[in-house]
Amino acid sequence: MHPLARYRGFETLASNSPITVLITTFLASAVEAIEMVIIVVGVGATRGWRSTWIGTASGFGVLAVIVVALGAALSRIPIGPLRLVVGALLLVFGLQWFRKGVMRVAARGFAGSTRVIEDEDEAWTGPGIDWTAFALAFKGVTLEGLEIAFVVVAFGAGANQLGVASIGGVAALVLVGAAGLLLRGVVQRVPRSFLQLIVGVLLTTFGTFWSLEGMGVDWPGSDGAILGLLALYVATAAVYITLERQRAFGLRPAA
Amino acid sequence: MKLLWSWIYSFGHFWYHYIFGDDWTMAVAVGAGLIVSALLNRSHVVAWWLIPVIVVVMLGVSLRRAGRARR
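Residues numbered from 1 in each chain as written. Chains lettered and ligands numbered in written order. Predicted model: local features only at pLDDT ≥ 70, side-chain atom pairs only at ≥ 80, totals over all residues. Heavy atoms only, no water.

Another point: the overall build of chain A. Scanning chain A for helices and strands turns up 8 helices and 0 strands. Listing the helices and strands of chain A from first to last along the sequence gives α-α-α-α-α-α-α-α. Each of the 255 residues in chain A was classed as buried or not, and the buried ones make up 51%. For chain A, contacts bridging at least 24 residues in sequence account for 82% of all contacts bridging at least 6. Element-wise, carbon and sulfur atoms account for 71% of the exposed surface of chain A, whose accessible area totals about 10900 Å². (Helix = DSSP H or I, 4+ residues; strand = E, 2+ residues; numbered from the N terminus. Buried < 20%, exposed > 50% of the residue type's maximum accessible area, 1.4 Å probe, protein only. Contact = heavy atoms within 4.5 Å. Areas by Shrake-Rupley, 256 points an atom, 1.4 Å probe, with all protein chains shown as cover.)

Right, let's get into the interface of chain B and chain A. Counting residues at the interface gives 30 residues for chain B, matched by 37 residues for chain A. Counting the surface lost from both chain B and chain A, the interface buries some 2900 Å², and carbon and sulfur atoms represent 71% of this. By the criterion of area lost to chain A, the three top residues of chain B are Tyr18, Trp48 and Leu63 of chain B, representing 24% of everything that side buries. The interface formed by chain B and chain A includes 1 salt bridge. Taking the shortest distance from any N to any O, the salt bridge between Asp22 of chain B and Lys100 of chain A comes out at 3.2 Å. Inspection of the chain B/chain A interface yields 8 residue pairs in polar contact (both at pLDDT 80 or more). Breaking the side of chain B that touches chain A down by element, the ones donating at least two residues are helix 1 (2-20), helix 2 (24-42) and helix 3 (50-70) of chain B. Top contributing element to the side of chain B that touches chain A by residue count: helix 3 of chain B, with 11 residues. Residues that form the side of chain B that touches chain A fall into these classes: 19 nonpolar, 6 polar and 5 charged. (Buried area = accessible area lost by both parts, 1.4 Å probe. Salt bridge = Lys/Arg side-chain N within 4 Å of Asp/Glu carboxyl O. Polar contact = N/O pair within 3.5 Å; in protein donor to acceptor, adjacent residues only side chain to side chain. Nonpolar A, V, L, I, M, F, W, Y, C, P; charged D, E, K, R; others polar.)

A word on the environment of Leu40 of chain B. All names here are of chain B. With respect to the helices and strands, Leu40 occurs in helix 2. For the pair Leu40 and Leu50, spaced 10 residues apart in sequence, the C-alpha separation works out to 9.7 Å. Among all residues touching Leu40, those that are not within four sequence positions of it are Val45, Ala47, Trp49 and Leu50.

Moving on, we come to the confidence of the model for chain B. All names here are of chain B. Scored by pLDDT, chain B comes out at a mean of 90, with 99% of its residues at no less than 70. Of all secondary-structure elements in chain B, the lowest mean pLDDT belongs to helix 1, at 81, while helix 2 reaches the highest, 96. For this predicted complex, the interface score ipTM comes out at 0.92, alongside a pTM of 0.75. (pLDDT = per-residue confidence, 0-100.)

A side chain with one charge may pair with a side chain of the opposite charge, provided their charged atoms come close. Summed over the entire model, instances satisfying the criterion amount to 6 salt bridges over all chains. Overlapping salt bridges bring together Arg83, Glu147 and Glu213 of chain A as one network.

Time to look at the nonpolar core. Membership of the largest hydrophobic core comes to 79 residues, with the highest contact counts inside it found for Leu90, Phe98, Val102, Leu197, Leu203 and Trp210 of chain A together with Tyr18 of chain B. Ranked by the residues each element gives to this core, the list is headed by helix 4 (residues 79-108) of chain A, at 15 residues. (Core = buried A, V, L, I, M, F, W, Y, C linked by side-chain atoms within 4.5 Å.)

Residues and elements named next belong to chain A. When pLDDT is averaged across chain A, the result is 82; 83% of the residues are at 70 or more. When the elements of chain A are averaged for pLDDT, helix 1 (residues 8-11) gives the smallest value, 54, and helix 8 (residues 225-249) the largest, 93. For the stretch residues 113-120, pLDDT sits under 50, and the model shows 10 contacts to residues farther than four places along the chain or on other chains.

On to helix 3 (residues 49-70) of chain A, then. Residues and elements named next belong to chain A. Under the 1.5 Å per step criterion, the end-to-end length of helix 3 is 31 Å for 22 residues, consistent within 8% with the ideal 32 Å. Looking only at helix 3, the buried set comprises Trp49, Ser51, Thr52, Gly55, Thr56, Gly59 and Leu63. Positive backbone phi, at 55°, marks Gly71, one or two positions downstream of helix 3. (Expected span 1.5 Å × (residues − 1).)

With that settled, the discussion passes to the packing of helix 2 (residues 18-47) of chain A against helix 6 (residues 162-188) of chain A. Any two packed helices are characterised by how steeply their axes cross, that is the angle between the axes, and by the distance between the axes. All names here are of chain A. With their axes 7 Å apart at the nearest point, helix 2 and helix 6 run at an angle of 30° to one another. Judged by the angle between their axes, helix 2 and helix 6 are roughly parallel. For the pair helix 2 and helix 6, the sense of crossing is right-handed. (Axes fitted to C-alpha atoms, helices over the stretch in contact; angles between N-to-C directions. Parallel < 35°, antiparallel > 145°, perpendicular 65-115°, else oblique. Left-handed = near helix turned anticlockwise from the far one by under 90°.)

Written out as structure tokens, the structure is:
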């Protein structure tokens, strides 16, 4: 599948007019930036911010080197294999948090925030780098940042408006990033066990979508399939939490 | 040399823990699912449904197994 196949809808909007290129690039980049910010904020709030920021900064560093080194040749990078590898890793890791989140919310309800941190899957308190948070943030930033760069190059070069397209891509990243920073405080007030469930569901959702998209599978509804997957996994979490609580407390549904 | 082995062990341990975690069967099922999805896709058979099904089923199986182990 062509790297930009998911932007078919946006591509039809693009023309040679600078304002159209700006808006089109901004909207397409915002889609990717939202995915990036969800991962960074979710991981940071769950595992701790220090290593997450280091992973994020490293991701942007690698991205900057790639963009500067390749320039307009960027669109020749095979994005499919990258999506497959990053997606598969996010999927297997997200599924573990999904499972633990279900077990903890079923056992504690929403009391997780008042408990003492119990194991290494929760906030990192050690002196060194939390490589899990680093890797998750790094992969999210590199993959999504690369996709934003693809959007900028494809729409910008196609319309001979690379400068305008770059402004659109950077503006989307800055605005969505700022919104993520504002939401950070709200996210940190969410009970930890519930937050782990939310992040687990989100990582599983993106992991499922990217890994299959990376191998060339066509999703019905393109990016809209992410919302369908999210709905399926949220419903699955609700059902399993109910079943776990019935199992743990010996409850049976009313006859 | 000891430092190198320690680094290799830590690196391997990190990736094992990252990929397999507490229940290795989930990661193996997802890996097998991705391979089957790739084969289906190559044969032009609709393949997007398989991984979501594996996620839902394996999550239930793993939770049930963990519940039994706790009792």
